Amino acid sequence: MAARHKSVETKYMEDREAVLRGLRGLDRRTFLKVLAATTGAVMAKSLMPPHSFQLVEVANAAPDKTASAAGMPGKPPFTFAYVSDTHLYQRTLNQRFVRAAVKAVDDVNALDPQPDFVLFGGDLAQLGRREELDLGMQILAEVKAPVKMMVGEHDWFYDLGDTWQEMFGPPNYSFDWKGVHVVVLMSVHEKDFWTARKMTPAERMHTVAGLDNGIQSRFEVGDDERKWLSADLAKVPHTTPLLVFSHSPLYKYYRNWNFWTDDAEQVQTILKPYQHVTVIHGHTHQMLYNQIGNISFYGMLSTAWPWPYAPTGLPPLTIQMNRADPFDQFDGLGDGRINARADGLADKIYSLWDRNPVTVKADYLVSHGKTARPPAPQFASY
Amino acid sequence: MKPARTLLLSLLAATAVVASVTLVAAQGPGPLADPKSENQAGFPTDLYSWVIPPDNPQTPAKIALGKALFFDDRLSADGKISCDHCHAPAKGFTDQLPTSMGIRAQFGQRNAPTILNAVFNVTQFWDGRAPTLEAQVQGPVTNPVEMGMKSTDDAVAKIKAIPEYQKQFQDVFGHDVTFADIGRAIASYERTQLAFDSPFDKFIGGDQSAISDSAKRGWSIFNGKGRCMSCHGWNPTQPLFTDQKFHNIGVSAHNANFVPLARKALDTLGKSGGGEQEIDKLAIGTDMSGLGRFLVTKQPHDIGAFRTMSLRNLLVTQPYFHDGSQVTLWDTIDHYNKGGVQNPYLDGGIVPLGLSEAEEDDLVAFLASLTSPEYAQPAKEEYDLQFKRSRTDRPQRDTAAANGDKGHGPGLAGPFGDIGPAQTSENPALLGGD
Amino acid sequence: MTRRSIALATAAGCAAIFAAVAHAPRLCAQQAPPLPVHQVPDSKNGGTVVMLCDGKTSVEVKGLKPGESMTHAQAVEVTRELMAQWQREHPNEKWEMAKTVQSSQPIPAPPPASGADAAAKATGAKLQSKGTQQGDTYASFTDRDYKVWKNETDNFVAEGKQLFHDGAAIGGTIGVSCDMCHPDASNTHPETYPKYQVQLQRVALLRDMIDWCIENPVKGKALDPNDTRLRALEAYILAQRKGVALDYGKH
């Protein structure tokens, strides 16, 4: 028996071998086909009773009292997972971020039931190179559930999105899922700061890749895309819950680090008529949440490195995550899930690696902190 | 080590243990079992004053009672297994077996941890499932593959029936035998097993000649390139070489498929998550043992995580790791050097180290310098055996992985973390004691 | 040292130093150029001249041959004379005094424990209470951890304090110790580094000035940056200025 048994070690090595060597030739069509093929299986599987080894999920799988008590007819609840901000370099340069991205994929693949889809939150690459994006696509191809791609500034500013769009299609799109209208935005457009400075594409990319330089422009969704958004929403009733994915937070947190979207208010105005709006964003690499009017915001964790909280502008509802331990490359990082509830609200589970997961209930946000307060960190940011 | 050979070795050693216990019964447990003095180089006076629980102060009578119970095989169901069966003073308060043999020659799943300095443990057992030494006692006594008592009541009844004990319990606690007091007495005895005074402690105290140059280099690697210090923490206040925490370093990934195993454990333990005794049974008696800390916390990040053990007196507490799977200190260092065993729950601090053979030898020399004087002779013999073996037999060595260039395509490094540049930090050993 | 004299020298010396740094940044980051050494005037009587850290004020110890140790009484007299001379020359300058009560962060009050946790708490095994982000491995600490940290930190500072009051222990040869001029580490202003230091004619860190003092008034050999004694002195000096805002470059 011992000889036939394939240990986790062996299987893991073999899997990674396949990912990193065997799938070199994967193109966009193959990538998307993989997703289509698994969708049916995943949907069938999600009908099975919840059976997870994560107790936190068992707790959250309890019937949604808010919805049933309110007697809402409701839509079927569903769960999706996310992986975000992997910041992959070429693998000859940096293995650390590869290891982390692979861990995230393992994590979401171990979920049972499987999530309806996995959102990738942007910044797949670090410097926007084709090799980096290729590596990212190969790693994400291992995700069992369908993957929904979002673009980040690190994917974009080397060739202004040519490679990313060739691989993954248009950066902004929408779809309907189990009664929810889902919108994916490209929120990291910048005004041209490079032409006048005669920057090469690499210099432009390096500038955008840093937080604390004063040269680059602020992120924006931009006129064209806001028009597209208005048109897209024109046919969606105001009672339909909205899920909006953006790479940068769709509000103004800290301008100096571009934790910021310059036309955030205009986008919020477009979303205002809807009863339930949840915005999920990447870019900030930390536990971060906010409520502005009808809109609940959740930031996603990164798999590459955690960022400290900015010196000012932190939304008052955000309870900081524990300060990360630099010995452990995974600390302060992770992935997560969003439970889209029958009542149109969405809860967020921060699956912090090497920490206990933290659930942030929508009730906490919509009550402006009056109920369901998430746990406090033992060590907040300095 | 091949399974068949392990078993054979275990059986042989077990026979020896049984023989020695019989001998002990006749002659008493010997000087190594005596309570130890606090007057030892490197003894953490402050820490010791913090860890004696106010509700169970140390008294000579209680310690003597605890010692009698510790060496009394009547605490087991068949009257053959005493605590020292697996925690023998001559073997550094372990059994020197990969995993321990309990009642009716049944083998458990875990390597017996030493009693030496257990007084300083923040939690007990490899997975920390007991919060105190007092609470820990119940585990082995009632575990069906260890001492096999049906219940704590049975144990109390059996002890109560022995007249000397009846009197001693009255004298020490002022009332009849209870299981909590059995725990208190044994814990008090265990708290007297203090093991410092090693050559390393003398070196830190300022005696530059107390350890070899190789051990000094090892201490430097321990602090630097080897990244050992971050988990096996040492400082004068807490000179234990452990962070008292739980890390997945991949040991049980050799033979455990974590995700299905974790589901199985949750199913078995039920919605309540199981009580201490249920967890104890899974940890000692089933394949779910490999889940480690997860059985206690049910948190995914604790899957396959085990408590960081102290590094003192390693040359009398072999073999190593929670399952006793590694035979020599070179094997354990080889394990870390290649970045542990890959698995989805591997601790993020475990990365390839790129240690050379000479650096590994230096690290072992340093570890050998952590031996307390009463074990100097057996430790030297064990060192010689392990050294000899390490020249020919290195099952865990994977130099390519250790150097970060395990191939995944031509010229590509492995996907499991970068290896840092060699550190050229100053040797703290040469900068004088702290 | 005086704020005024340093400010004057800064204007003249700054540009040259920055230019040098810009040309050799790697050298600068890895190894500081050798410290300039003050030329202490020769003794007229074959005794030993002791100089204050301003590089000007000096006192001759009569009858003390180079290499000989002063008695403690001699040393106290010398430092008193040096300080008096400095005060006469700088009637409007104030010698900054440090606060005296010192300790690292107090141990935080343990979170309230539930009844079931009481036994565990007795041995310091209790992890933080519910309502706090948890995880056994990283950034989850017990009461004992806090105690260990505090003990280690306070011991380190205490070691520095002891060295600060013992010239011989840091290699001094003439009985001068740090506390003579800097009681309670007053006027060591660790919060003002990095800053341009006139004696050195370059930008200095606190440790550079500790070493300067060890070489000059204390008459010992500069300590290696990794020397535990230098680290302990630095720890003591920083600890004495707890609560003071960092203000680099201040004169």
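Per chain, residues are indexed from 1 in the order of the written sequence. Lettering for chains starts from A, numbering for ligands starts from 1, and both go in the order in which the items are written. Residue-level local features of this predicted model are given only where pLDDT is at least 70; pairs of side-chain atoms are given and counted only at 80 or more, and the full residue set underlies all totals for whole chains, interfaces and linings. With hydrogens and water set aside, each side-chain value is computed from the structure's full complement of heavy atoms.

### Some thoughts on the overall build of chain A
Point 1. A run of H or I in DSSP counts as a helix once it spans at least four residues, and a run of E counts as a strand once it spans at least two, with each numbered from the N terminus. The helix and strand tally for chain A stands at 12 helices and 12 strands.
Point 2. Only heavy atoms matter for contacts: two residues are in contact if any of them lie within 4.5 Å across the pair. Contacts in chain A between residues at least 24 apart in sequence constitute 74% of all its contacts with a sequence separation of at least 6.

### Observations concerning the overall build of chain C
Point 1. On a plain count of helices and strands, chain C comes out with eight helices and four strands.
Point 2. Counted from the first residue to the last, chain C has its helices and strands arranged as α-α-β-β-α-α-α-α-β-β-α-α.
Point 3. Counting only residues that meet the buried cut, chain C has 43% of its 251 residues in that class.
Point 4. A fraction of 61% describes how many contacts in chain C between residues 6 or more apart in sequence connect residues 24 or more apart. Relative accessibility decides the category of a residue: with a 1.4 Å probe and only protein chains considered, values under 20% of the type maximum give buried, values over 50% give exposed, and everything between is partly exposed.

### Considering the interface of chain A and chain C
Point 1. The interface is formed by 19 residues belonging to chain A together with 12 residues belonging to chain C.
Point 2. Defined here as a combined quantity, buried area equals the accessible surface (1.4 Å probe) lost by two parts on assembly, summed across both. For the chain A face of the interface with chain C, the top three residues by lost area are A:N356, A:Q378 and A:F379, together amounting to 42%.
Point 3. Salt bridges are defined as contacts in which a side-chain nitrogen from Lys or Arg sits within 4 Å of a carboxyl oxygen from Asp or Glu. Between the two partners, chain A and chain C, sit zero salt bridges.
Point 4. Counted as a polar contact is a pair of N or O atoms within 3.5 Å, where, for protein atoms, one must be capable of donating a hydrogen and the other of accepting one, and residues adjacent in sequence contribute only when both atoms are in side chains. The interface formed by chain A and chain C holds eight residue pairs in polar contact (both at pLDDT 80 or more) in total.

### So, the pairing of strand β5 (residues 180-184) of chain A
Residues and elements named next belong to chain A.
Point 1. Counting buried positions along β5 yields five of five residues, so the element is predominantly enclosed.
Point 2. Burial along β5 is two-sided: V180, V182 and V184 and H181 and V183, pointing in opposite directions, are all buried.
Point 3. Bridge count between strand β4 (residues 173-177) and β5: five bridges; the pairing is antiparallel. Its bridge partner being in β5, S174 is matched across the sheet by V183.
Point 4. Once β4 ends, the chain turns through two residues before running back antiparallel as β5, passing K178 with a positive phi of about 45°.
Point 5. Any two strands with at least two DSSP bridges between them are considered paired. Here β5 pairs with strand β6 (residues 242-246) via four bridges, running parallel. Bridged to V182 within β6 is L243.

### Quick notes on the pattern of salt bridges
Point 1. Applying the stated criterion across every chain yields a total of 41 salt bridges over all chains.
Point 2. As a salt-bridge pair, B:R263 and A:D112 come within 3.7 Å of each other at their nearest N and O atoms. Of this pair, B:R263 sits in helix α11 (residues 258-269) while A:D112 sits in the loop between α5 (96-109) and β2 (118-120), placing the two residues on different chains.
Point 3. Residue A:D112 is classed as buried on the basis of its relative accessible area of 13%.

### Focus on the pairing of strand β1 (residues 48-51) of chain C
Point 1. Neither face of β1(C) is exposed, since C:T48 and C:V50 on one face and C:V49 and C:M51 on the opposite face are all buried.
Point 2. Between β1(C) and strand β2 (residues 58-61) of chain C, which pair antiparallel one after the other, the connecting turn spans six residues, and C:G55 there sits at a positive phi close to 80°.

### Looking at unusual backbone geometry
Point 1. Here the residue pair A:D112 and A:P113 is connected by a cis peptide bond, since its omega of 5° sits within 30 degrees of zero.
Point 2. Mapping A:P113 onto the fold places it in the loop between α5 and β2.
Point 3. The residue after B:Q318, namely B:P319, is reached through a cis peptide bond having omega -10°.
Point 4. By secondary structure assignment, the location of B:P319 is in the loop between β2 (306-307) and α14 (329-337).
Point 5. In this model, A:H87 sits at a positive phi of 50°, which is unusual for a non-glycine residue.
Point 6. Its identity is not glycine, yet B:N117 carries a phi of approximately 65°, on the positive side.
Point 7. For B:N117, the position within the fold is in the loop between α3 (60-70) and α4 (133-136).

### Let's talk about the side chain of A:S296
Residue and element names in this part refer to chain A.
Point 1. Residue placement: S296 occurs in strand β9 (residues 295-299).
Point 2. Accessibility expressed as a relative area gives 4% for S296, which makes it buried.
Point 3. Of note is the side chain of S296, whose polar atom sits 2.6 Å from the side chain of Q291.
Point 4. Residues within four places of S296 in sequence aside, it is in contact with V277, T278, V279, N290, Q291, L365 and V366.

### Thoughts on the side chain of C:T188
Residue and element names in this part refer to chain C.
Point 1. Of note, T188 is situated in the loop between α6 (178-181) and β3 (195-197).
Point 2. Of the residues examined, T188 reaches a relative accessible area of 8% and is grouped as buried.
Point 3. Of the polar contacts made by the side chain of T188, one reaches the backbone oxygen of A185; its length is 2.6 Å.
Point 4. Leaving out residues up to four positions away in the same chain, T188 has contacts with F164, H182, Y193, L206 and I237.

### What to know about the nonpolar core
Residues and elements named next belong to chain A.
Point 1. Here, the term nonpolar core denotes a set of buried Ala, Val, Leu, Ile, Met, Phe, Trp, Tyr and Cys residues that are joined through side-chain atoms within 4.5 Å. Counting residues in each nonpolar core, the largest one holds 60 residues, and the members touching the most others are L233, F245, L271, M287 and Y289.
Point 2. Setting aside its immediate chain neighbours within four residues, L271 contacts L229, L233, L242, V244, V277, V279, N294 and I295.
Point 3. Core analysis: the second largest hydrophobic core is formed by 45 residues, L88, V118, L140 and M167 among them.

### Quick look at the sheet that holds β2(A)
Residues and elements named next belong to chain A.
Point 1. Pairing within the open sheet is mixed, and its six strands lie in the order β3-β2-β1-β10-β11-β12. The open sheet has two edge strands, β3 (147-149) and β12 (358-360), and neither has a second partner. In this sheet, neighbouring strand axes are inclined to one another by 25° on average, regardless of whether the strands run parallel or antiparallel.
Point 2. Across seven bridges, strand β10 (residues 334-340) lies against strand β11 (residues 346-352) in antiparallel orientation. Following the sheet pairing, A340 is matched in β11 by A346. A fitted line through C-alpha atoms represents every axis, and for helices the fit uses only the stretch in contact; the resulting angles, taken between N-to-C directions, go from 0 to 180 degrees.

### Some thoughts on empty space enclosed by the protein
Residues and elements named next belong to chain B.
Point 1. Using protein atoms alone on a 1 Å grid, points that fit a 1.4 Å probe yet trap it form a cavity, whereas open point sets bounded by protein on both sides within 12 Å along at least five of seven lines form a pocket; residues with an atom within 4 Å of a point count as lining. Grid points are joined across faces, edges and corners, and a volume is the space filled by probe spheres set on the points. Counted according to the given criterion, the structure contains 12 cavities of 30 Å³ or more.
Point 2. Size it by volume and the second largest cavity reaches roughly 520 Å³.
Point 3. Elements with a minimum of two residues in the lining of the second largest cavity: α4, α5 (138-142) and α8 (179-190).
Point 4. Gly is put with the polar residues, along with every residue not named as nonpolar or charged; the nonpolar set is Ala, Val, Leu, Ile, Met, Phe, Trp, Tyr, Cys and Pro, and the charged set is Asp, Glu, Lys and Arg. Classifying every residue of the lining of the second largest cavity by side-chain character gives 19 nonpolar, 11 polar and five charged.

### Quick word on the packing of aromatic side chains
Point 1. Ring pairs shown here join Phe, Tyr and Trp side chains whose ring centres sit within 6.5 Å, with only the six-membered ring taken for Trp; geometry is labelled stacked below 30 degrees between planes, edge-to-face above 60, and tilted in between. For the structure shown, the criterion picks out 53 aromatic pairs over all chains.
Point 2. Taking the centre distance of 6.4 Å and the plane angle of 35° together, the rings of A:F379 and C:Y146 count as tilted. Note that A:F379 is positioned in the segment after α12 (362-366) and C:Y146 in helix α5 (residues 143-164), a pairing that runs across two chains. The same class applies to A:F379 and to C:Y146, which are both buried.
Point 3. Taking the centre distance of 6.5 Å and the plane angle of 65° together, the rings of B:Y165 and B:F169 count as edge-to-face. On the criterion of helical spacing, the pair formed by B:Y165 and B:F169 is a turn pair, its members being four residues apart in helix α7 (residues 163-173).

### Points about the environment of C:A158
All names here are of chain C.
Point 1. Inspection of the secondary structure puts A158 in helix α5.
Point 2. Classification of A158 as partly exposed rests on a relative accessible area of 42%.
Point 3. Sequence separation between A158 and Y236 is 78 residues; the distance between their C-alpha atoms is 7.0 Å.

### So, the confidence of the model for chain A
Interpreting fine coordinate detail is not advised for predicted regions of low pLDDT.
Residues and elements named next belong to chain A.
Point 1. pLDDT expresses, on a scale from 0 to 100, how confident the predictor is about each individual residue. Looking at chain A, pLDDT values average 84 and 81% of them are 70 or higher.
Point 2. With pLDDT under 50 throughout, residues 20-26 is counted as low confidence; its partners more than four residues away or in other chains account for 15 contacts.
Point 3. Residue range residues 33-73 is modelled with pLDDT below 50. Its contacts to residues more than four positions away, or to other chains, number 66 contacts.

### Observations concerning the sheet that holds strand β7 (residues 277-281) of chain A
All names here are of chain A.
Point 1. Read across the open sheet, the six strands follow the order β4-β5-β6-β7-β9-β8; overall the sheet is mixed. Single-partner strands in this sheet number two, and they are β4 and β8 (289-292). Taking each pair of neighbouring strands and ignoring which way they run, the sheet shows an average axis angle of 20°.
Point 2. Contacts from helix α10 (residues 223-233) reach β4, β5 and β6 within the one sheet, and its direction differs from that of β5 by about 165°.
Point 3. Across the sheet, helix α11 (residues 264-271) touches β6, β7, β8 and β9, and the angle it forms with β9 is around 130°.

### Digging into the packing of α5(C) against helix α8 (residues 228-240) of chain C
All names here are of chain C.
Point 1. One way to put it is that α5 packs onto α8 with a least axis distance of 7 Å and a crossing angle of 100°. Put simply, α5 runs roughly perpendicular to α8. Contact with α5, carried on its side by F156, V157, E159, G160, K161, L163 and F164, involves T228, R229, R231, A232, L233, A235, Y236, I237 and A239 of α8 and no other residues of that element.
Point 2. In terms of residue class, the contact of α5 with α8 is built from 10 nonpolar, two polar and four charged. For classification purposes, an angle smaller than 35 degrees is called roughly parallel, one larger than 145 roughly antiparallel, one from 65 to 115 roughly perpendicular, and anything else oblique.

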